[in-house]
Amino acid sequence: MNKAKRRVVIAGNWKMNFTPAEATAFINEVKPLVAGKSGCDVVFCAPYVTIAAAQKAAEGSNISIGAENVHFEDHGAFTGEVSAKMLTECGVKYVIIGHSERRQYFGETDTTVNLRVKAALAAGMTVILCLGEVKEQRLSGITREIVSMQTKLDLAGVSAEEMKRVIIAYEPVWAIGTGLTATPEQADETCGQIREVLAEIYGEEVAEATTIQYGGSMNDKNAAELLAKENVDGGLIGGASLVATKFEAIVNAAQ
Ligand code: 13P
């Protein structure tokens, strides 16, 4: 395995935070702090209504703005949903799919996650696919089985070529928003297991080239240790992506 072959991606997931005005102020604050940090790609995934303001504020910087979900149909009677075509027309290149909060509170299943992944890829977007075990599964010793199953189901029908536009975010559900972080060893082990599944499906070359992030209470204090691990190629950051100086520290740790 060769970590140098992979792009490190530090992505913020703002979740249901930041109005357009707040996002503008935040991007203006964080922009100079991450400028010129070419050791990683910097992305913030924003609520739909905040995307345009964040993009405008990020113009000319090294910050990309993504979305937090996307529907799998092009258009139609799906009240409250947004299609990949709508996002790409707005210049959105990244989209989070399958976040555990979507799975937990909004009925997302591996089947709908897979449909969304395929629709986003078909539209030319880069997908940040989230997966990970819940606490009981880790305690039962079935984490490997869970992430393996999710990887296979969520990526069903995705080609090796399309995998160039797939980032996987390993997010143990018990570590999200809880202040509990997977140890660097746990993060490395499970990201490595996901990479093994990718090798099974797509071969070593694709597996070695795929960026696998860790997410779950990653912050300015623990980022360096997590990012130092062989199989951890970046982070998907919730809470700490709302504080410019904390996010800056994570980006610095990725250089
Ligand atoms: P926290 O960093 O707040 O734990 O959230 C992680 C997450 O869910 C990112 O998608």
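Scope of this entry: the structure provided in the associated data block. (Residues numbered from 1 in each chain as written. Predicted model: local features only at pLDDT ≥ 70, side-chain atom pairs only at ≥ 80, totals over all residues. Heavy atoms only, no water.)

## Quick word on the overall build of the protein
Across its full length, the protein carries 11 helices and 8 strands. At 17 Å, the protein has a C-alpha radius of gyration in line with the 18 Å of a compact globule built from 255 residues. A principal-axis box enclosing the C-alpha atoms of the protein has dimensions of 45 × 45 × 35 Å. By residue count, 53% of the 255 residues in the protein fall in the buried class. Across the protein, every contact between residues at least 6 apart in sequence was considered, and the portion connecting residues at least 24 apart equals 74%. (Helix = DSSP H or I, 4+ residues; strand = E, 2+ residues; numbered from the N terminus. Rg over C-alpha atoms; globule rule 2.2 N^0.38 Å. Buried < 20%, exposed > 50% of the residue type's maximum accessible area, 1.4 Å probe, protein only. Contact = heavy atoms within 4.5 Å.)

## Description of the site of the ligand
By nearness alone, every residue bordering the ligand is listed as Asn13, Lys15, His99, Glu171, Ala175, Ile176, Gly177, Gly216, Ser217, Leu236, Gly238 and Gly239. Within the backbone of Ser217, an N or O atom sits 2.7 Å from an oxygen atom of the ligand. Measuring from an oxygen atom of the ligand, one finds a backbone N or O atom of Gly238 at 2.9 Å. Protein coverage of the free-state accessible area of the ligand, which is 310 Å², stands at 95%. Classifying every residue of the shell around the ligand gives 3 nonpolar, 7 polar and 2 charged. (Near = heavy atom within 4 Å. Polar contact = N/O pair within 3.5 Å; in protein donor to acceptor, adjacent residues only side chain to side chain. Areas by Shrake-Rupley, 256 points an atom, 1.4 Å probe, with all protein chains shown as cover. Nonpolar A, V, L, I, M, F, W, Y, C, P; charged D, E, K, R; others polar.)

## Quick notes on the sheet that holds strand β3 (residues 63-67)
Read around the closed barrel, the 8 strands follow the order β1-β2-β3-β4-β5-β6-β7-β8; overall the barrel is parallel. Sheet twist, expressed as the average angle between the axes of neighbouring strands with direction ignored, equals 25°. Here strand β7 (residues 212-215) runs beside strand β8 (residues 234-237); their pairing, made up of 2 bridges, is parallel. Opposite Gly215, over in β8, you have Leu236 as the bridge partner. The strands that helix α11 (residues 244-253) touches are β1 (9-13), β2 (41-46) and β8; relative to β1, the one it contacts most, it runs at about 160°. (Pairing = 2+ DSSP bridges. Axes fitted to C-alpha atoms, helices over the stretch in contact; angles between N-to-C directions.)

## Side note on the side chain of Ser83
Note on placement: Ser83 falls in the loop between β3 and α3 (84-89). Owing to a relative accessible area of 3%, Ser83 belongs among the buried residues under this scheme. Filtering out sequence-adjacent residues up to four positions away, Ser83 remains in contact with Val70, His71, Glu73 and Asp74.

## Quick word on the environment of Glu136
On the secondary structure map, Glu136 appears in helix α6 (residues 135-139). When the C-alpha positions of Glu136 and Ile212 are compared, they lie 23 Å apart, and in sequence the two are 76 residues distant.

## Quick look at the packing of aromatic side chains
Scanning all chains against the criterion turns up 8 aromatic pairs. Consider the rings of Phe26 and Phe44, whose centres lie 5.5 Å apart with planes at 90°: the pair is edge-to-face. Taken together, the residues Phe26 in helix α1 (residues 20-34) and Phe44 in strand β2 connect sequence positions 18 residues apart. Given the relative accessible area of 0%, Phe44 is considered buried. Among the aromatic side chains, those forming a connected cluster through ring pairs are Trp14, Phe18, Phe26, Phe44 and Phe247. A cation over an aromatic ring shows up here: Arg102 above the ring of Phe106, its NZ or CZ 4.1 Å from the ring centre. (Phe/Tyr/Trp six-rings, centres within 6.5 Å; stacked < 30°, edge-to-face > 60°. Lys NZ or Arg CZ within 6 Å of the ring centre and 35° of its normal.)

## Overview of the nonpolar core
In this structure, Ile10, Ile27 and Phe44 are the most contacted members of the largest nonpolar core, which totals 67 residues. Sorting elements by how many residues they give to this core places helix α8 (residues 184-202) first, with 6 residues. Aside from chain neighbours lying at most four places away, what touches Phe44 is Gly12, Trp14, Phe26, Ile27, Val30, Ile63, Ser64, Ile65, Gly66, Ser241 and Phe247. Counting residues in hydrophobic clusters, the runner-up holds 11 residues, among them Ala11, Val43, Ile96 and Ile128. (Core = buried A, V, L, I, M, F, W, Y, C linked by side-chain atoms within 4.5 Å.)

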